[in-house]
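# Structural overview for review
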Amino acid sequence: MPVYEVFRLLWWALLGVLLIGIAVMDGFDMGAAILLPVVARNDIERRIVINTVGPVWEGNQVWLILGAGAIFAAFPPLYAVAFSGFYLAMLLLLCSLILRPVGFKFRSKLSGSGWRKTWDTALFIGGLVPALVFGVAFGNVLQGVPFRFDDMLRMTYTGTLWELFNPFALLCGLVSVAMIVIHGATYLGCKTEGPVRERTQRAGSIAGVAMIVLFALGGICASRLDGYVLKSFAGTAAPSNPLGQRVIRETGALIANYVAEPWTMVAPLLGIVGVVGAVLLVRAGRRPLLAFCCSGFAIAGVVATAGFSLFPFMLPSSLDPNSSLTLWNASSSLTTLIIMTIATLVFLPVVLAYTAWAYRVLRGPVTAEEITRDPHAVY
Amino acid sequence: MDVVTLSRLQFGLTAMYHFLFVSLTLGLSVLLAVMESIYVTTGRTIWREMVKFWGTLFGINFAMGVATGITMEFQFGTNWAYYSHYVGDIFGAPLAITCLLALGTNLSALWILIANGWMQYPVGAHFNLATMRMEVADFTAVLFNPVAQAKFVHTVSAGYVTGAMFVLSISAFYLLRGRNRGLAIRSMTVAASFGLASALSVVVLGDESGYTAGQNQKMKIAAIESMWHTEPAPASFTVVGLPDMATHTTRYAVRIPWVLGMIATRSLDGKVAGIDELVADGTERIQSGMVAYRAMEGLRKDPTDAALRAVFDAHVNDLGYALLLKRYTPNVVDATRAQIQAAAWDTVPPVFPLFWTFRIMVALGFYFIALFATMFWQASARQLERRRWLLRVCLWSLPLPWIAAELGWYVAEGGRQPWTIDGVLPTFLSVSSVPASNVALSLACFVVFYSALAIVELYLMVRTVRLGPEDFIAVLAPEIAAKAIALRPAE
């Protein structure tokens, strides 16, 4: 296997790991924020929920920032096409992402109920909108996006914001929201006690069941949708250039990989089994940490399902299938991929060690006594 | 307005807004570390109180820095898609590392300035015909880019000056009100000494930055100094004047002989190229770039043509100059003499604003040295409270470091025009193919959203400052406040 092919596969996999990292780490604080109006009925309870994620969201956000950075460095054309093509959706995502940090930081600074309600809403939006937009984006990527390249490799995108919210994409958006909510619920299960925790169990179970139904429905829809097949291309180690390949649309292509390589079925199965496990444990109110791991594995399964369905495509083009981006034609040069691998090996352990240390310090539930004892030192 | 103008406006505004918070974070983080170290070594609780107070202001500010940073990261893709494709292979890696280190501000700043330094002076990269983009040839050259190194120290020092001025001004506010004197005097002493060192560093390393630019970005220097024509060495320095782009002259110019030549070349016989000479060079490079462009089109039809390949390789370094012609003729190779001439004059950045922003920035730099030196002297003589007018000067100087820093960014990035990557990729080609209405909408969103956030942030800051350290400590941690009051020497 050529070295370039190995590194492209490695970065395709690393991108998957980063997306899973975003959904698992950022996901639980977004999930907790979505659950905020449901599980907390008064200011103390709301502050309990906010304080479960208050000290960690900033570290979690680094996963998201890192994900975008990694796409830029490892797959520049993918970054260019996806970010400019989904222009208004990205604007929506950005605004909601900016609301989160300021919501966390500003809410506790004043005690007026209007002030706090405003920032509670901001936090809710900051959780819901990114979860929805990510799912909708995946839904569109699976169906192909209307763009093409000219011979200078300048990209033109012809879709609109409203076309992004088509039925299948919305279904994927709902899967994403349900998944994030159950994950947020298992997290709150670990970090809260009493009435908040009881309400969390109820909301989490509903979200989990919804997630199973929607995910299965998504699978059935995907099997009937048009997918893309790479008929001929320059090679797995050829220079990155999306021109000069032949791609066709074909119904059922999205499930072709699972037929060709049955082991990949592990991904959707992990998605289903993980959620089932999480729902059962949450309902029983037992082993909260295991429940959190279950919903985490479910997320890994769902993200991997999207990746396996698309492989080797990263962003197929519905307008001009021959312009589709695959991991073979959208990567950086071999040198850059190697540099990025070294940078990851050097810096990632530092970030991981720091994260592990932070979570160790913060282990255990957040209680009402803690919140009331020190009214300004916490969120 | 077209997509290019709107995108530039949006990037400029969001970047300048982002830097408002970044510069304060850079400076306050070091000041907090100093105060914490003093607390740890002396064990005096007032220093802990200071860390807590300034730390609260730091926290309010830090969140905004990270939040607005995400916008910057996304914007390369959303608004500068062709740029991202064209140079992502080199620019992406340092940007990704910047993001990896997002929470460690100083380290993060190093990597983004490596990325930015490469835009000013694109070393260690070559154009790859097979992928139609720039690719890494020598990553160590990108890392140890002299422009990036000088810029990093200059920018970080500017942040330190901002942090020092912030602490100095707010402390002056307390002293003018005659309250929180213990905290204010100590804070002021730390800020004045740290500020003096930083202000000296920002000016000296700014000169270093100018020197490296003088070697690598001659057009930027010529525009900043409004040097329309090459002069016999050593060139004279224009202190003030009104540069006129239409007539290529500077009206009412006040000149000092020799000075520019000595600053820019650090010699008496070094020549500083004038704008007209650089435009003539540009014309030649455009013509050479057209040869490369023609060869490139031939090679696309027949990649095996060795003769054409040799021609392309000989002229590829000027390919970016040929791309300047795309504004006048999409085919590039059929450009007329007049179009080539117009494109060559496009390489001149706007002289008038560069001339003046640079001068105001430098004047502010020297003012900071003077102010911090004065306050340092006052602190050493234990006379900080003696001259109220000085305290008032400190208070009203609060916004100046931010103004200087933003002017500095204008000089650096406005002076890089018409390029996003100097000599490689013109700005007007770097944008995404998105409708102008979308960019107008996002720009409007950012203006409204960011203004609202700025008001909230300012309100919280002012409120925290007015509440003051003692009341604030009393609310936060009563036992510390009690101890602090008990231990404080009588004032």
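Residues numbered from 1 in each chain as written. Chains lettered and ligands numbered in written order. Predicted model: local features only at pLDDT ≥ 70, side-chain atom pairs only at ≥ 80, totals over all residues. Heavy atoms only, no water.

## Considerations on the overall build of chain A
A tally of regular secondary structure across chain A gives 14 helices and 6 strands. By principal-axis analysis of the C-alpha atoms, chain A measures approximately 65 × 40 × 40 Å. Counting 26 positive and 19 negative side-chain charges, chain A places the centres of these two groups 6 Å from one another. (Helix = DSSP H or I, 4+ residues; strand = E, 2+ residues; numbered from the N terminus. Lys, Arg positive; Asp, Glu negative; His and termini not counted. Charge placed at Lys NZ, Arg CZ, Asp CG, Glu CD.)

## Quick notes on the overall build of chain B
Along chain B, the regular secondary structure elements total 19 helices and 6 strands. In terms of overall dimensions, chain B is globule-like: its C-alpha atoms have a radius of gyration of 26 Å, near the 23 Å expected for 491 residues. Looking at chain B residue by residue over its 491 residues, the buried ones come to 58%. When the accessible surface of chain B is summed, it comes to about 19200 Å², and 66% of that surface belongs to carbon and sulfur atoms. (Rg over C-alpha atoms; globule rule 2.2 N^0.38 Å. Buried < 20%, exposed > 50% of the residue type's maximum accessible area, 1.4 Å probe, protein only. Areas by Shrake-Rupley, 256 points an atom, 1.4 Å probe, with all protein chains shown as cover.)

## Regarding the pairing of strand 4 (residues 249–256) of chain B
Residue and element names in this part refer to chain B. Pairing geometry for strand 3 (residues 237–244) and strand 4, over 6 bridges, is antiparallel. Bridge pairing in strand 4 places Phe237 opposite Ile256. Hairpin connection, strand 3 to strand 4: the antiparallel pair is bridged by 4 residues, and His248 has positive phi, about 55°. (Pairing = 2+ DSSP bridges.)

## Topic: the pairing of strand 2 (residues 133–136) of chain B
Side chains Arg133 and Glu135 of chain B of strand 2 of chain B all project onto a buried face; the interleaved residues Met134 and Val136 of chain B project onto the opposite face, where all are buried too. Hairpin connection between strand 1 (residues 125–128) of chain B and strand 2 of chain B: a loop of 4 residues separates the two successive antiparallel strands, and Met132 of chain B in this loop has a positive phi of roughly 55°.

## A look at the interface of chain B and chain A
How big an interface is tends to be expressed through the accessible area that disappears when the partners come together. Taken together, the contact between chain B and chain A spans 68 residues of the former and 58 residues of the latter. A buried area of about 5500 Å², summed over both sides, lies between chain B and chain A, and 75% of it is on carbon and sulfur atoms. Linking chain B with chain A are 1 salt bridge. Of the charged contacts in the structure, one is a salt bridge between Asp151 of chain A and Arg300 of chain B, with a shortest N-O distance of 3.5 Å. Where chain B touches chain A, the interface holds 14 residue pairs in polar contact (both at pLDDT 80 or more). Counted by class, the side of chain B that touches chain A contains 44 nonpolar, 16 polar and 8 charged residues. (Contact = heavy atoms within 4.5 Å. Buried area = accessible area lost by both parts, 1.4 Å probe. Salt bridge = Lys/Arg side-chain N within 4 Å of Asp/Glu carboxyl O. Polar contact = N/O pair within 3.5 Å; in protein donor to acceptor, adjacent residues only side chain to side chain. Nonpolar A, V, L, I, M, F, W, Y, C, P; charged D, E, K, R; others polar.)

## Observations concerning the nonpolar core
Residue and element names in this part refer to chain B. Trp54, Tyr86, Phe127, Leu168 and Met375 are the most contacted members of the largest nonpolar core, which totals 277 residues. Those residues in contact with Tyr86 that sit more than four places away from it in its chain are Phe127, Met132, Arg133, Met134, Leu319, Leu323, Val424 and Leu425. Ranked by size, the runner-up nonpolar core spans 6 residues in total, among them Ala235, Phe237, Ala264 and Val272. (Core = buried A, V, L, I, M, F, W, Y, C linked by side-chain atoms within 4.5 Å.)

## Quick look at a nonpolar patch on the surface
Residues and elements named next belong to chain B. A contiguous nonpolar surface patch, about 390 Å² in accessible area, is contributed by Met1, Leu9, Leu13 and Val447. In this fold, Met1 is placed in the segment before helix 1 (3–42). Taking relative accessible area as the criterion, Met1 reaches 69% and is therefore assigned exposed. (Patch = residues over 30% accessible without salt bridge, like charges linked within 9 Å, V, L, I, M, F, W, Y side chains within 5 Å.)

## With respect to helix 14 (residues 351–380) of chain B
Spacing of three or four residues puts side chains on the same side of an α-helix, whose turn is 3.6 residues. Relative to the 44 Å expected for 30 residues at 1.5 Å per residue, helix 14 of chain B spans 44 Å between its end C-alpha atoms, a close match to the ideal helical length. Positive phi appears at Arg382 of chain B, one or two residues downstream of helix 14 of chain B, with a value of about 55°. (Expected span 1.5 Å × (residues − 1).)

## Description of the packing of aromatic side chains
Counting across every chain of the model gives 39 aromatic pairs over all chains. Both rings, one in Tyr160 of chain B and one in Phe194 of chain B, keep their centres 5.3 Å apart while their planes meet at 45°; by these two values the pair is tilted. Placement of Tyr160 of chain B in helix 6 (residues 146–177) and of Phe194 of chain B in helix 7 (residues 181–216) is noted, with a sequence separation of 34 residues between them. Like Phe194 of chain B, Tyr160 of chain B is buried. For the pair Phe355 of chain B and Trp356 of chain B, a centre-to-centre distance of 5.6 Å together with 80° between the ring planes defines the contact as edge-to-face. Assessed through its relative accessible area of 27%, Trp356 of chain B is described here as partly exposed. Chaining the aromatic ring pairs together yields one cluster made of Phe72, Tyr79 and Phe83 of chain A together with Phe11, Phe74, Phe76, Trp80, Tyr83 and Phe91 of chain B. Its end group placed over the ring of Tyr4 of chain A, Arg8 of chain A keeps NZ or CZ at 3.7 Å from the ring centre. Here the basic side chain of Arg154 of chain A rests over the ring of Tyr82 of chain B, its NZ or CZ set 4.5 Å away from the ring centre. (Phe/Tyr/Trp six-rings, centres within 6.5 Å; stacked < 30°, edge-to-face > 60°. Lys NZ or Arg CZ within 6 Å of the ring centre and 35° of its normal.)

## Overview of the confidence of the model for chain A
Averaged over every residue, the pLDDT of chain A is 87; the share at 70 or more is 97%. Put simply, helix 14 (residues 368–373) of chain A is where chain A has its lowest mean pLDDT, 68, and strand 5 (residues 313–315) of chain A is where it has its highest, 93. (pLDDT = per-residue confidence, 0-100.)

## Thoughts on the confidence of the model for chain B
Residues and elements named next belong to chain B. Taken over all residues, the pLDDT of chain B has a mean of 86, while the share at 70 or more is 93%. Here residues 473–481 is modelled with pLDDT under 50, and outside its nearest four sequence neighbours on either side it reaches 13 contacts, counting other chains as well. Taken together, the chains of this predicted complex give a pTM of 0.88 and an interface ipTM of 0.88.

## Concerning the packing of helix 5 (residues 87–107) of chain A against helix 2 (residues 45–79) of chain B
For the pair helix 5 of chain A and helix 2 of chain B, the least separation of the axes is 9 Å and the interaxial angle reads 170°. Put simply, helix 5 of chain A runs roughly antiparallel to helix 2 of chain B. Contacts from Tyr87, Met90, Leu93, Leu94, Leu97, Ile98, Pro101, Val102, Lys105 and Phe106 of chain A of helix 5 of chain A reach helix 2 of chain B at Gly59, Ile60, Ala63, Met64, Ala67, Ile70, Thr71, Phe74, Thr78 and Asn79 of chain B. For the contact of helix 5 of chain A with helix 2 of chain B, the residue count by class is 15 nonpolar, 4 polar and 1 charged. (Axes fitted to C-alpha atoms, helices over the stretch in contact; angles between N-to-C directions. Parallel < 35°, antiparallel > 145°, perpendicular 65-115°, else oblique.)

## Quick notes on the pattern of salt bridges
All names here are of chain A. Under the criterion given, the structure shown has 16 salt bridges over all chains. Taking the shortest distance from any N to any O, the salt bridge between Asp26 and Arg100 comes out at 3.5 Å. Remark: Arg100 occurs in helix 5 and Asp26 occurs in helix 1 (residues 3–39); sequence separation between them is 74 residues. Judged by relative accessible area, which is 1%, Asp26 ranks as buried. For Arg100, a relative accessible area of 1% corresponds to the buried category. Between Asp120 and Arg46 there is a salt bridge, and its shortest N-O distance comes to 3.4 Å.

## Some thoughts on unusual backbone geometry
A cis amide bond links Phe311 of chain A with the next residue in sequence, Pro312 of chain A, at an omega value of 0°. Looking at the secondary structure, you find Pro312 of chain A in the loop between helix 12 (288–310) and strand 5. Following Gln417 of chain B, the chain continues into Pro418 of chain B via a peptide bond in cis, with omega recorded as 10°. For Pro418 of chain B, the position within the fold is in the loop between helix 16 (400–414) and strand 5 (419–421). Positive phi is not limited to glycine here, since Leu153 of chain A has a value of about 65°.

## Examining the environment of Val254 of chain B
All names here are of chain B. Tracing the sequence through the fold places Val254 in strand 4. Judged by its relative accessible area of 44%, Val254 falls in the partly exposed class. Excluding anything up to four places from it in sequence, Val254 contacts Phe237, Thr238, Val239 and Val240.

## Here's the deal with the packing of helix 10 (residues 275–301) of chain B against helix 11 (residues 306–315) of chain B
Residues and elements named next belong to chain B. Packing of helix 10 against helix 11 leaves a shortest axis separation of 8 Å and a crossing angle of 145°. When the axes of helix 10 and helix 11 are compared, the crossing they make is left-handed. Facing Ser288, Val291, Ala292, Ala295, Met296, Gly298 and Leu299 of helix 10, the residues of helix 11 in contact are Leu308, Arg309, Val311, Phe312 and His315. Class assignment of the residues belonging to the contact of helix 10 with helix 11 gives a composition of 8 nonpolar, 3 polar and 1 charged. (Left-handed = near helix turned anticlockwise from the far one by under 90°.)

## Observations concerning the environment of Gly59 of chain B
On the secondary structure map, Gly59 of chain B appears in helix 2. In sequence terms Gly59 of chain B and Thr25 of chain B are 34 residues apart; their C-alpha atoms lie 8.8 Å from each other.

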